[in-house]
Amino acid sequence: RGLAINTADQSPEEFPAFEEFWIQRPDAAAKEFTIFALLNGPSVAGAYRFTVTPGTDTLVQVKASVYCRQNPKTFGIAPLTSMYWHGENSEDHQNDIRPEVHDSDGLMVRTGKDEWIWRPLVNPRAVSTVAFADENPRGFGLVQRDRKFSSYEDLEGKYHLRPSAWVEPVGNWGAGAVRLVEIPTSTETDDNIVAFWVPAKLPTPGEPVDFEYKMHWYLDQIAPPNGFVAATRTGYSRTHEPDLRRFVIDFDGEELRRYKPDPALELVVTVGSGAKLMNTTILKNEFNATWRAAFAIKPDGSGRAVELRCYLKKDRDVVTETWSYLWNP
């Protein structure tokens, strides 16, 4: 899409369409080509320029000037659409013979303060919308991080080869939020995941909304500089404290693998309202050199969704990205 207009909002959603395209003829030796496009919809009209550089990491640089006839309630820039049916953190695997089925397994965000956030995707019971408030973000994307064929066992869909998409803003985007929308689906043919940037303010209707960004399509080139989340698992114990909800997060990374068991390595967990933090542990996995963080929460019975965050630190240094999760009782 060019824009996400009133997506997962109470206002009617709009799908402005690219109605005209012009392709600039490239030279024979050119490494890139340029497409111009006209976007039009009930609330907006805009001119776009796409500069495409094919490669292992295919780059699309987008520059746009959009005019609002009337300011929509939600104006989503650089929207990404994907599919998540079930995965390792799913409670219901839909009686499917494949371990996981998804085009992306997480939202990755690099904030303006250079914090890396990983939000595992879910197939929710009801439409879920979350926002990561930020100022001048450095990037966000829907990522297929798990590249093992054994995680999918799909010779037709080849989900282990689905590309990731990463949006890198050009210039300062100001205040706003990265918004993630997750929609329930009972099939892998529905694109039920949307992520986009929502600016805090829009100009007066009739004034241009100008923005520019780079969109990277890649397999494994972009990742946090420190440790990253390799797996998220959640469930209950049938025999020991069955009233507790348990979470297991595996952290990986070249530098992290070099760490030996160290009491200075600390698991930092934050639990929002609706539950209480219980047991926490962190262990070096002797079989693959990753680190396994585990904790449990005790719901307070209110039925409220619980916001969770965790990361690893050593002394004063944060050594992993921040794992972020919304658990619904």
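What you see is a predicted model, and the numbers here were worked out from it, not measured in a lab.

**Looking at the overall build of the chain**
For the chain, the count of helices and strands is one helix and 24 strands. Its C-alpha atoms give the chain a radius of gyration of 21 Å, near enough to 20 Å, the size a compact globule of 329 residues would have. Expressed along its principal axes, the backbone C-alpha trace of the chain runs to roughly 65 × 50 × 45 Å. Residues classed as buried in the chain amount to 47% of the 329 residues present. Taking as baseline every contact in the chain between residues at least 6 positions apart, the subset at least 24 positions apart corresponds to 64%. Just so you have it, the chain exposes about 16,700 Å², and 50% of that area is on carbon and sulfur atoms. Looking at charge distribution, the chain has the averaged site of its 37 positive side-chain charges lying 4 Å from that of its 46 negative ones.

**A short note on the environment of P242**
Checked against the element boundaries, P242 lands in the loop between β17 (228–235) and β18 (245–252). We classify P242 as partly exposed; its relative accessible area is 48%. With residues near it in sequence (within four places) discarded, P242 still touches Y236 and S237.

**Digging into unusual backbone geometry**
Not every positive phi belongs to a glycine, and A78 is a case in point at roughly 55°. Mapped onto the secondary structure, A78 falls in strand β6 (residues 75–82). The backbone of K158 shows a phi angle near 50°, a positive value even though the residue is not glycine. When you line up the elements, K158 lands in the loop between β12 (139–143) and β13 (164–169). Given the relative accessible area of 40%, K158 is considered partly exposed.

**Some points on the pairing of strand β15 (residues 193–199)**
Most of β15 sits inside the fold, with seven of its seven residues counted as buried. Across four bridges, β6 lies against β15 in antiparallel orientation. Paired with T81 across the strands is V194, a residue of β15. Inspection of the sheet shows strand β14 (residues 175–182) paired to β15 by seven bridges, in the antiparallel sense. Residue A177 lies in a different strand from β15, and its bridge partner there is V198.

**Structural notes on the environment of V60**
Tracing the backbone shows V60 in strand β5 (residues 58–68). When sequence neighbours within four positions are dropped, the list of residues in contact with V60 reads F50, T51, V52, Y213, K214, M215 and W217.

**So, the sheet that holds strand β11 (residues 128–135)**
To summarise the sheet geometry, strands pair through backbone hydrogen bonds and adopt either a parallel or an antiparallel arrangement. The five strands are arranged β1-β6-β15-β14-β11 in an open sheet whose pairing can be described as antiparallel. At either end of the open sheet lies a strand with only one pairing partner, and these are β1 (3–5) and β11. In this sheet, adjacent strand axes meet at a mean angle of 30° when their direction is disregarded. Sheet analysis places β11 next to β14, joined by eight bridges and oriented antiparallel. Residue pairing for β14: A133 is matched across the bridge by A177.

Reading guide: rules and limits
Residues numbered from 1 in each chain as written. Predicted model: local features only at pLDDT ≥ 70, side-chain atom pairs only at ≥ 80, totals over all residues. Heavy atoms only, no water. Helix = DSSP H or I, 4+ residues; strand = E, 2+ residues; numbered from the N terminus. Rg over C-alpha atoms; globule rule 2.2 N^0.38 Å. Buried < 20%, exposed > 50% of the residue type's maximum accessible area, 1.4 Å probe, protein only. Contact = heavy atoms within 4.5 Å. Areas by Shrake-Rupley, 256 points an atom, 1.4 Å probe, with all protein chains shown as cover. Lys, Arg positive; Asp, Glu negative; His and termini not counted. Charge placed at Lys NZ, Arg CZ, Asp CG, Glu CD. Pairing = 2+ DSSP bridges. Axes fitted to C-alpha atoms, helices over the stretch in contact; angles between N-to-C directions.

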